[in-house]
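Close look at the chain arrangement
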Amino acid sequence: MEDIVINSPLSRDIATAEAGYLVSREQGTRRGSHYYHANNGYYYHKYRQLSDTIYLRCTNVSCPSRGLLKLGSFHESSSHSGHEPDHLKAEVLRERSRLLGQASSLTFATVEDVLNDESNINRRYSDRLTPKVLLPAMRTARINAYPEEPKTLSELQIILECENNKSLTAVSQFRDNIYGGSARGEDGSKSILFITKRCVDFIKTAPFIYAFSFPLNQSLVSCSV
C-alpha cells in the first residue's frame, strides 16, 4: 500500500504534531528508502500501514517509542528513552546524500578529490562525516555511475571519448588524462593508447625512441574490434 503522503516531496513538512512541531519525510541512506523526522530531534521508520494511518517506530532499536501519522497529524504514542534527541542528524544525512551525488556525477576525477576539495565540505559535520565513514559509500556510488563494461575495443573507444566519462581516465583532478587516443594498424588491428600528455611532451624531447612489444592477456587478445 502506498503512503498517504505519496504526493509530498522528500524533505518537506507533511504533518503537524500535537505538541506543535513539524514532521517531515526524508531520504534514507539506501536507495528508495526514507524515514520520518520529527523536528524535535527524533526519527522514525514506518513499520505498518492500515488504511490512512502509518505506524512508526523510533530508529533507535533499543527505544520503545512509537508514533502514528494520520491525515496530516502526528501523534507520539509512547515516549523516547535511552537516548537523547539528535537535532543535526537530518542535516548530516542530507549532506551525506549531497556528497554521494558529487561522487556519482563524475565531475571529480576521484572520490578522494571530492573530500579533498575543502570548499565542497561543510565543516559543521566533519566530525560525523569522516573519510572512513564516507569513502565506502562514495566508491559504491561512483561504481554504480560507471558505464557498462565494454565488450569490444570499439565500444571502449566510444566510452573513453565521451565527455561525461572523462573522469574514468583523468588524473590530477583533470589536469591530465591517461587516454591518448586510438590507432588502427595496416593489418586492420585496433589499439587503444594510454599515455598522459606529460609523457607525450617528454617523448617529444627524446632524441631516440625504442619500441618493444610484449604478450597480452588472453582475454585482451581475444577482444573483438
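Each value, and the rule that gives it
Residues numbered from 1 in each chain as written. Predicted model: local features only at pLDDT ≥ 70, side-chain atom pairs only at ≥ 80, totals over all residues. Heavy atoms only, no water. Axes fitted to C-alpha atoms, helices over the stretch in contact; angles between N-to-C directions. Helix = DSSP H or I, 4+ residues; strand = E, 2+ residues; numbered from the N terminus. Parallel < 35°, antiparallel > 145°, perpendicular 65-115°, else oblique. Left-handed = near helix turned anticlockwise from the far one by under 90°. Contact = heavy atoms within 4.5 Å. Nonpolar A, V, L, I, M, F, W, Y, C, P; charged D, E, K, R; others polar. Buried < 20%, exposed > 50% of the residue type's maximum accessible area, 1.4 Å probe, protein only. Polar contact = N/O pair within 3.5 Å; in protein donor to acceptor, adjacent residues only side chain to side chain. Pairing = 2+ DSSP bridges. Salt bridge = Lys/Arg side-chain N within 4 Å of Asp/Glu carboxyl O.

The next subject is the packing of helix H1 (residues 89-104) against helix H3 (residues 131-145). Helices that pack against each other are described as a pair by the angle of their axes relative to one another and the distance between those axes. In contact at an axis separation of 8 Å, H1 and H3 are set at 40° when each is read in the N-to-C sense. The angle between H1 and H3 falls in the class oblique. Crossing angle aside, the handedness with which H1 passes H3 is right-handed. Contacts from Arg 96, Leu 99, Leu 100, Ala 103 and Ser 104 of H1 reach H3 at Leu 134, Ala 137, Met 138, Ala 141, Arg 142 and Ala 145. Residue classes in the contact of H1 with H3 are distributed as 8 nonpolar, 1 polar and 2 charged.

Let us look at the side chain of Asn 177. Residue position: Asn 177 is located in strand E9 (residues 176-177). Accessibility expressed as a relative area gives 15% for Asn 177, which makes it buried. Separated by 2.6 Å, the side chains of Asn 177 and Thr 169 make a polar contact. Not counting residues within four places of it along the chain, the set of residues in contact with Asn 177 comprises Lys 166, Thr 169, Ala 170, Val 171, Ile 195, Thr 196 and Lys 197.

Bridge analysis of strand E2 (residues 22-27) against strand E3 (residues 34-38) gives 5 bridges, and the strand direction is antiparallel. Residue pairing for E3: Val 23 is matched across the bridge by Ala 38. The turn linking E2 back onto E3 is made up of 6 residues, and Gly 32 within it adopts a positive phi angle of 80°.

Our focus in this paragraph is the pattern of salt bridges. Summed over all chains, the structure comprises 4 salt bridges. A salt bridge links Glu 26 to Arg 94; the shortest N-O distance between them is 2.6 Å. Of this pair, Glu 26 sits in strand E2 while Arg 94 sits in helix H1, and the two are 68 residues apart along the sequence. The shortest N-O distance in the salt bridge between Glu 112 and Arg 139 comes to 2.8 Å. One end of the pair, Glu 112, is in helix H2 (residues 111-116); the other, Arg 139, is in helix H3, and 27 residues separate them in sequence. Arg 139 sits in the partly exposed class, given a relative accessible area of 40%.

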